[in-house]
Amino acid sequence: MAIAQLTPAERDAALAALPQWSLRTDGLAITRDFRFRNFSEAWGFMSRVALLAEAQDHHPEWSNVYNRVSITLTTHDAGGLSGRDVKLAEAVDTL
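Below: a short report on this structure. Quantities reported herein were computed from a predicted structural model and do not represent experimental measurements.

Remarks on the overall build of the chain
1) Next: Scanning the chain for helices and strands turns up 3 helices and 4 strands.
2) Next: Taken over 95 residues, the chain has a buried fraction of 38%.
3) Next: Pairs at least 24 residues apart make up 61% of the contacts formed inside the chain by residues separated by at least 6 positions.
4) Next: With the model as given, the accessible surface of the chain reaches about 5,700 Å², and the carbon-plus-sulfur share is 54%.
5) Next: Across the chain, the 9 positively charged side chains and the 12 negatively charged ones have centroids separated by 8 Å.

As structure tokens, this is what we get:
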């Protein structure tokens, strides 16, 4: 089953519901930066996100430097932002 990219209207509605996420300049992904007290907290957060991502079989592009974690969500199979990205962003926001 093909994964569909969000329409511009769907993308705008999703971003309105995810106010802490930003649309990447090319419009094909959403991003969010997180800050923690220290590396251990950042790593723990990444571990929890990894479990969510694995359960959803949808994995983020991310990076970690000391107490900062940057996450980018896009669906390569759809060629851009899809409902899978929105679902994972919502799950990450519950952490």
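Next, the rest of the story.
Looking at helix H3 (residues 83–93)
1) Next: Listed in full, the buried residues belonging to H3 are Asp85, Val86, Leu88, Ala89, Ala91 and Val92.
2) Next: The elements touched by buried residues of H3 are helix H1 (8–17), strand S2 (30–35), helix H2 (39–56) and strand S4 (68–73).
3) Next: Measuring from the side-chain oxygen of the N-cap residue of H3 to the backbone nitrogen of arginine 84 gives 3.1 Å; that N-cap residue is serine 82.

Remarks on the side chain of arginine 32
1) Next: You can see arginine 32 is positioned in strand S2.
2) Next: Separated by 3.0 Å, the side chains of arginine 32 and glutamine 20 make a polar contact.
3) Next: Every residue in contact with arginine 32, bar those within four places of it in the chain, is listed here: Gln20, Trp21, Val69, Ser70, Ile71 and Asp93.

Focus on the environment of leucine 81
1) Next: Here leucine 81 lies in the loop between S4 and H3.
2) Next: Under the relative-accessibility criterion, leucine 81 is labelled buried at 3%.
3) Next: Considered as a pair, leucine 81 and leucine 28 are 53 residues apart in the sequence and their alpha carbons are 5.1 Å apart.
4) Next: Apart from the residues lying within four places of it in its own chain, the contact partners of leucine 81 are Ala4, Gln5, Leu6, Arg11, Leu23, Leu28, Ala29, Ile30, Leu73 and Thr74.

Quick notes on the side chain of serine 82
1) Next: With respect to the helices, strands and loops of the structure, serine 82 is situated in the loop between S4 and H3.
2) Next: There is a polar contact of 3.1 Å between the side chain of serine 82 and the backbone nitrogen of arginine 84.
3) Next: With residues near it in sequence (within four places) discarded, serine 82 still touches Ile3, Ala4, Leu6 and Thr75.

Remarks on unusual backbone geometry
1) Next: Here aspartate 57, not a glycine, exhibits a phi torsion of approximately 50°, which is positive.
2) Next: In this structure, aspartate 57 sits in the loop between H2 and strand S3 (61–65).
3) Next: We classify aspartate 57 as exposed; its relative accessible area is 52%.
4) Next: The residue tyrosine 66 is not glycine, and still its phi comes out positive at about 50°.

Overview of the pattern of salt bridges
1) Next: As enumerated under the stated definition, the model contains 4 salt bridges in all.
2) Next: In this structure, the salt-bridge partner of arginine 11 is aspartate 12, at a minimum N-O distance of 3.6 Å.
3) Next: You can call aspartate 12 partly exposed: its relative accessible area is 44%.

Definitions and limits used
- Residues numbered from 1 in each chain as written.
- Predicted model: local features only at pLDDT ≥ 70, side-chain atom pairs only at ≥ 80, totals over all residues.
- Heavy atoms only, no water.
- Helix = DSSP H or I, 4+ residues; strand = E, 2+ residues; numbered from the N terminus.
- Buried < 20%, exposed > 50% of the residue type's maximum accessible area, 1.4 Å probe, protein only.
- Contact = heavy atoms within 4.5 Å.
- Areas by Shrake-Rupley, 256 points an atom, 1.4 Å probe, with all protein chains shown as cover.
- Lys, Arg positive; Asp, Glu negative; His and termini not counted.
- Charge placed at Lys NZ, Arg CZ, Asp CG, Glu CD.
- Polar contact = N/O pair within 3.5 Å; in protein donor to acceptor, adjacent residues only side chain to side chain.
- Salt bridge = Lys/Arg side-chain N within 4 Å of Asp/Glu carboxyl O.

Keep in mind these values describe shape, not function.
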